[in-house]
Amino acid sequence: MKISNVGMYVNDLEGAKEFFMTTFDAQIHDIYEEDNGFKSYILKFDEGPKLELMNKPEIVDIKKDRNQAGLIHICLKVDSIEKLNEVITKFKASGYEILYEPATVGGKEVRAITFEDNILEVSA
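Remember, it's a predicted structure, so these values are computed and weren't measured experimentally.

Draft legend 1. The arrangement of the sheet that holds strand β8 (residues 119-123) in detail. One open sheet holds the 4 strands; their spatial order is β5-β8-β7-β6, and the pairing between them is mixed. A single partner strand is all that each edge strand has here, and the edge strands are β5 (73-77) and β6 (97-100). Strand-to-strand twist across the sheet, computed as the mean angle between neighbouring axes with direction ignored, equals 25°. In this structure, β6 lies alongside strand β7 (residues 109-113), joined through 3 bridges in antiparallel fashion. In the strand pairing of β7, isoleucine 98 is matched with alanine 112. The strands that helix α1 (residues 13-24) touches are β5 and β8; relative to β8, the one it contacts most, it runs at about 15°.

Given below as structure tokens:
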């Protein structure tokens with residue numbers, strides 16, 4: 001069994017799409033639009049599961065707590081330490097809160113609170 005995709009509701013659908021396309025070289029796999037205002041982009045990466053970014057008029061956005069039960073983060077894997085360092089640089093330039101990174105804990109990953117307070121982990 002494999003995970004096919006992960007779905008994420010976002011307030012800024014176009015901004016989230018651009019974030020994943022520019023930061024992780026994601027490509028649009030498919031687009032869904034419905035008459036009720038629902039729209040989603042299914043993004044694909046070089047390999048692995050796809051990411052579905054979704055938006056609809058009635059989204060309820062509550063403050064996220066990194067200690068809440070449920071899905072907390074998504075981890076994306078990049079091809080090299082150099083690419084990981086590029087991602088860290090982009091995160092810092094965007095003002096995202098870095099929870100940890102190789103410079104502080106060793107290892108080959110970074111975890112940050114990114115767009116719309118979603119936590120992403122990136123590993124090499």
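Draft legend 2. Quick look at helix α2 (residues 81-93). Between its terminal C-alpha atoms α2 stretches 18 Å, which fits the 18 Å expected from 13 residues at 1.5 Å a residue. Taken as a whole, α2 has its buried residues at Lys83, Leu84, Val87, Ile88 and Phe91. Viewed along the axis of α2, the buried residues span an arc of 145°, placing them on a single side of the element. Among the exposed residues of α2, those oriented more than 90 degrees off its buried face are Glu82, Thr89 and Ala93. Positive backbone phi, at 80°, marks glycine 95, one or two positions downstream of α2.

Draft legend 3. Expanded view of the packing of α1 against α2. The contact between α1 and α2 brings their axes to 10 Å, and the two run at 140°. Looking at the two axes, α1 sits oblique to α2. Contacts between α1 and α2 involve Phe19, Thr22, Thr23 and Phe24 on the former and, on the latter, Lys83, Val87, Lys90 and Phe91. Looking at the contact of α1 with α2 residue by residue, the class counts come to 4 nonpolar, 2 polar and 2 charged.

Draft legend 4. Just α1, in detail. In this model α1 runs 16 Å from its N-terminal to its C-terminal C-alpha over 12 residues, within 8% of the 16 Å that 1.5 Å per residue would give. By the burial criterion, the buried members of α1 are Leu13, Ala16, Lys17, Phe19, Phe20, Thr23 and Phe24. Relative to the axis of α1, the buried residues are bounded by an arc of 155° and lie together on one face. On the buried face of α1, the contacting elements are β2 (27-33), β3 (39-44), β4 (50-55), β5, α2 and β8. Of the residues flanking the end of α1, it is aspartate 25, one or two places downstream, whose phi is positive at about 60°.

Rules used throughout
Counting starts from 1 at the beginning of each chain's written sequence and moves along it residue by residue. For this predicted model, a pLDDT threshold of at least 70 governs which residues receive local features, and a threshold of 80 or more governs which side-chain atom pairs are given and counted, while totals over whole chains, interfaces and linings are taken from all residues. Note that the side-chain values use all heavy atoms of the structure and ignore hydrogens as well as water. Pairing between strands requires that DSSP locate at least two bridges from one strand to the other. Comment: elements are numbered from the N terminus, with helices defined as DSSP H or I runs of at least four residues and strands as E runs of at least two. Angles here are taken between N-to-C directions and fall from 0 to 180 degrees, while the axes themselves are lines fitted to C-alpha atoms, restricted in helices to the stretch in contact. Contacts were defined at the residue level, with two residues in contact if any of their heavy atoms lie within 4.5 Å. One less than the residue count of a helix, multiplied by 1.5 Å, gives the span that helix is expected to have. Only protein chains enter the accessibility calculation, which uses a 1.4 Å probe; a residue is then buried when its area is under 20% of its type maximum, exposed when over 50%, and partly exposed in between. In this context, the arc is that of the directions from the helix axis out to the C-beta atoms. With respect to orientation, any angle under 35 degrees is reported as roughly parallel, any angle over 145 as roughly antiparallel, any angle of 65 to 115 as roughly perpendicular, and every other angle as oblique. Classification used: nonpolar for Ala, Val, Leu, Ile, Met, Phe, Trp, Tyr, Cys and Pro, charged for Asp, Glu, Lys and Arg, polar for all others including Gly.

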